[in-house]
Amino acid sequence: MVDLQALRQAEHGRRIRNGYMWALFCAVLWGIWYIPGTVVWGLTPFVEMYTEVASTSGDGMALIVTAVLITALNAVTVVLALFVWNGVLGNYGEMIRTAKSFHPCSKWFLLASVFGGPVAILGSFMAMGFVGGAFAAVAALLYPVIGAALANVWHGEKISKRAAMGIFVIIAGGITIFGGGVITELQAGSVGWMGYLGGLMAATGWGIEGAVADKGLDVANADVGLHLRFIAELAIWIIIALPLLAIMGYPVFTYAFQIFQPLTILMFVFAGITFGFCYVSWYKSFPLIGVGRGQGIANLYGMFAVISTILFFGDVPQWTVLVGGALCIVGSFIMFSEESLELETLRN
Amino acid sequence: MSNLPRKIRLMEIMQDGNEYWNYDVIKQAMQDYGFQSDFSRDTLNMDLIELAAVAFIKEVDLKVDDEGVYKKGFLLHKYVITEAGKARLSDACMYAI
């Protein structure tokens, strides 16, 4: 006699494990993305662009204007990488059907692109430009709290005590990794309100994006939904942001046409693949384990980003990185060890 | 041929509130979209699992596939649409092009 309940439990376990696996892929790929994401700032034409803008508008503004162009170009390669991905999966028909279903599906991905693109990414660069990289990283690490809270209030998503504890321990780990840098940055001098606003935008933007996208993912496929979200983000940068900066007198289009250098293109291809698949993994985890858990595990990107920079740039890690990394791993295990049958349905 | 995204179509097939085995819903959806591969079949089953995870459909019965109607040896699920699923579906279909 076959034990149906044991088979059922095993099937639920597989769904939960797959969800956590996608969230972990997201964290690893996000961490790896920091390699091209960092290298590209030192390449032609961005060095020249930064120098030119900084000479007239200051370093903070130069960072933001350059960041908008880099983010727009990053979105181009992400969209191209996802065309290959969805083509292999045979999803083009589903993409058209989902895009046409604006009210139930694609409007949520359009909204997700606004919160995840101009709000969160721009906010993150504002925090970086006006305060510092460590402050921006810590601010962004807070996003799962917003995502989990919104998903709970709006969708009735179950957030168990164990899941909440895991999220907080991972955030504590991330703060330990970057904490020393934040104190140094805040002590360095006067910090503009633009930096704090940017930090707030990063923390809320990605959290809101998760909850909003999950509303669309209720009735849409994650690979397709994510692709539509990036096409919308690309349109925002190309149709609104870049022309606006050009009107304000910044030479964004002049430099955009100078990117055709082998190393610059190679870095954007690398960035597009890692960022695209990191985001696909993020979206794929939401319907399987929920927004709170998916974002909580994806938050391990802080640790993987530090590992990437240690491995590829030879940065010597401080002891805080080891303590923070250990906390991140503990937090993950707190979440992984949750009883899978509690997650039979993700919502109340 | 359906113009609706897969998950919406799967719920639409079950909208009368009757109980359906997953293989019957999947078979109907495959005909609607002109799908033929095992990969498409498994993708549709994954869509059903995700719909059950967000409580838009609810599992009411189980059996092992002894005859190979879906995949021999696999667990088969019987589902019914929930009130939350019906509400999301009516919202979705009202506006779909």
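Residues numbered from 1 in each chain as written. Chains lettered and ligands numbered in written order. Predicted model: local features only at pLDDT ≥ 70, side-chain atom pairs only at ≥ 80, totals over all residues. Heavy atoms only, no water.

Once that is clear, we can look at the overall build of chain B. Broken down by element type, chain B carries 4 helices and 3 strands. Counting from the amino terminus, helix and strand elements in chain B follow one another as α-β-α-α-β-β-α. Relative to the 2.2 N^0.38 estimate, which gives 13 Å for 97 residues, the radius of gyration of chain B is 13 Å and therefore close to what a compact globule would have. Judged by the C-alpha coordinates and their principal axes, chain B covers about 40 × 30 × 20 Å. Within chain B, the proportion of its 97 residues that are buried is 54%. (Helix = DSSP H or I, 4+ residues; strand = E, 2+ residues; numbered from the N terminus. Rg over C-alpha atoms; globule rule 2.2 N^0.38 Å. Buried < 20%, exposed > 50% of the residue type's maximum accessible area, 1.4 Å probe, protein only.)

Strand order across the open sheet formed by 3 strands is E1-E3-E2 (chain B), with antiparallel pairing between neighbours. Each edge of the open sheet carries a strand with a single partner, namely strand E1 (20-21) and strand E2 (57-64) of chain B. Of the strand pairs in this sheet, E1(B) and strand E3 (residues 75-81) of chain B are connected by 2 bridges, and their pairing is antiparallel. Bridge pairing links B:Tyr20 to B:Tyr79 in E3(B). Where helix H1 (residues 4-39) of chain A meets the sheet, it contacts E2 and E3 of chain B, and its direction lies at approximately 125 degrees from that of E2(B). (Pairing = 2+ DSSP bridges. Contact = heavy atoms within 4.5 Å. Axes fitted to C-alpha atoms, helices over the stretch in contact; angles between N-to-C directions.)

This part is about the side chain of B:Asp32. Tracing the chain through its elements places B:Asp32 in helix H2 (residues 22-33). A polar contact is formed between the side chain of B:Asp32 and the side chain of B:Arg9, at a distance of 2.5 Å. (Polar contact = N/O pair within 3.5 Å; in protein donor to acceptor, adjacent residues only side chain to side chain.)

All right, on to helix H15 (residues 319-336) of chain A then. All names here are of chain A. Compared with an ideal rise of 1.5 Å per residue, which puts 18 residues at 26 Å, H15 spans 26 Å between its outermost C-alpha atoms and is within 8% of the ideal. Within H15, burial applies to Thr320, Val321, Gly324, Gly325, Cys328, Gly331, Ser332, Ile334 and Met335. Where H15 is buried, its residues contact H1, helix H8 (161-187), helix H13 (291-298) and helix H14 (301-313). (Expected span 1.5 Å × (residues − 1).)

Moving on, we get to the interface of chain B and chain A. At the junction of the two partners, chain B supplies 33 residues and chain A supplies 31 residues. Buried area between chain B and chain A, summed over both chains or domains, comes out near 2600 Å², and the portion from carbon and sulfur atoms is 61%. Run the count over chain B and chain A and you get 2 salt bridges. Close ionic contact of B:Arg88 with A:Asp218 constitutes a salt bridge, the shortest N to O distance being 3.6 Å. The interface formed by chain B and chain A holds 9 residue pairs in polar contact (both at pLDDT 80 or more) in total. (Buried area = accessible area lost by both parts, 1.4 Å probe. Salt bridge = Lys/Arg side-chain N within 4 Å of Asp/Glu carboxyl O.)

Moving on: the packing of aromatic side chains. Scanning all chains against the criterion turns up 27 aromatic pairs over all chains. An aromatic cluster of at least three residues, connected via ring pairs, comprises A:Trp30, A:Trp33, A:Tyr34, A:Tyr143, A:Trp206, A:Phe230, A:Phe275, A:Tyr279, A:Trp282, A:Tyr283, A:Phe286 and A:Tyr301. For the cation-ring pair, A:Arg229 lies above A:Phe230, with the distance from its terminal atom to the ring centre recorded as 4.3 Å. Here the basic side chain of B:Lys63 rests over the ring of B:Trp21, its NZ or CZ set 4.5 Å away from the ring centre. (Phe/Tyr/Trp six-rings, centres within 6.5 Å; stacked < 30°, edge-to-face > 60°. Lys NZ or Arg CZ within 6 Å of the ring centre and 35° of its normal.)

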